[in-house]
Amino acid sequence: MGDICNAYELCRSGGILMADDILPDPRAPHFGYDGPDGYEVVDYLANRVDDPVTYFMKRYAPIWSANPRRRKYVALLQKG
């Protein structure tokens, strides 16, 4: 997940970093690139640089969002 940290470093002050397919539940099933790793990196980065991160659900249809472990989010982190 070094890509997320590199993207943040390349981002200008005030710029926005967006990360897709974020699964915050550590028990989330792993399917290829899916898994809780993205959430862990975004959360770590947000805490380390003290910039707020906002998560919004990627899909609202029950087939995707009914199971909390499989809910995917998009993360927005604005560089201060």
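Notes on the structure follow.

## Remarks on unusual backbone geometry
What is expected of a backbone is that most residues other than glycine have negative phi and most peptide bonds are trans.
Line of reasoning, step 1. The phi dihedral of Asp21 falls on the positive side, at around 60°, and the residue is not glycine.
Line of reasoning, step 2. The backbone phi angle of Asp50 is positive, close to 60°, even though this residue is not glycine.
Line of reasoning, step 3. When you line up the elements, Asp50 lands in the loop between α2 (37-49) and β2 (53-57).
Line of reasoning, step 4. Overall, Asp50 belongs to the exposed group, its relative accessible area being 69%.

## Some remarks on the environment of Val41
Line of reasoning, step 1. Along the chain, Val41 turns up in helix α2.
Line of reasoning, step 2. Each C-alpha atom, one on Val41 and one on Ile22, is 9.9 Å from the other, the two residues being 19 residues apart in sequence.

## Some remarks on the sheet that holds strand β3 (residues 73-78)
Line of reasoning, step 1. Pairing is antiparallel across the open sheet formed by 3 strands, whose spatial order is β1-β3-β2. Sheet topology places β1 (16-22) and β2 at the edges, where each strand pairs with a single neighbour. Averaged over all adjacent pairs, the angle separating strand axes in this sheet is 20°, with direction ignored.
Line of reasoning, step 2. The pairing of β2 with β3 spans 5 bridges and is antiparallel. Following the sheet pairing, Tyr55 is matched in β3 by Ala75.

## Re the pattern of salt bridges
Line of reasoning, step 1. Under the counting rule described, the total for this entry stands at 3 salt bridges.
Line of reasoning, step 2. Ionic pairing is found between Asp20 and Lys58, a salt bridge with its closest N-O pair at 3.3 Å. Remark: Lys58 occurs in the loop between β2 and α3 (62-65) and Asp20 occurs in strand β1; sequence separation between them is 38 residues.
Line of reasoning, step 3. Looking at Lys58, the relative accessible area reads 28%, which means it is partly exposed.
Line of reasoning, step 4. Its salt-bridge partner being Asp21, residue Lys58 comes within 2.6 Å of it at the nearest N-O pair. Taken together, the residues Lys58 in the loop between β2 and α3 and Asp21 in strand β1 connect sequence positions 37 residues apart.
Line of reasoning, step 5. Through salt bridges that share partners, Asp20, Asp21, Lys58 and Lys72 make up one connected network.

## What to know about the side chain of Ser65
Line of reasoning, step 1. Relative to the helices and strands, Ser65 resides in helix α3.
Line of reasoning, step 2. Overall, the relative accessible area of 12% leaves Ser65 in the buried class.
Line of reasoning, step 3. Apart from residues lying up to four places away in sequence, Ser65 is in contact with Met57, Arg59, Tyr60 and Arg71.

So, how was this worked out
Residues numbered from 1 in each chain as written. Predicted model: local features only at pLDDT ≥ 70, side-chain atom pairs only at ≥ 80, totals over all residues. Heavy atoms only, no water. Helix = DSSP H or I, 4+ residues; strand = E, 2+ residues; numbered from the N terminus. Buried < 20%, exposed > 50% of the residue type's maximum accessible area, 1.4 Å probe, protein only. Pairing = 2+ DSSP bridges. Axes fitted to C-alpha atoms, helices over the stretch in contact; angles between N-to-C directions. Salt bridge = Lys/Arg side-chain N within 4 Å of Asp/Glu carboxyl O. Contact = heavy atoms within 4.5 Å.

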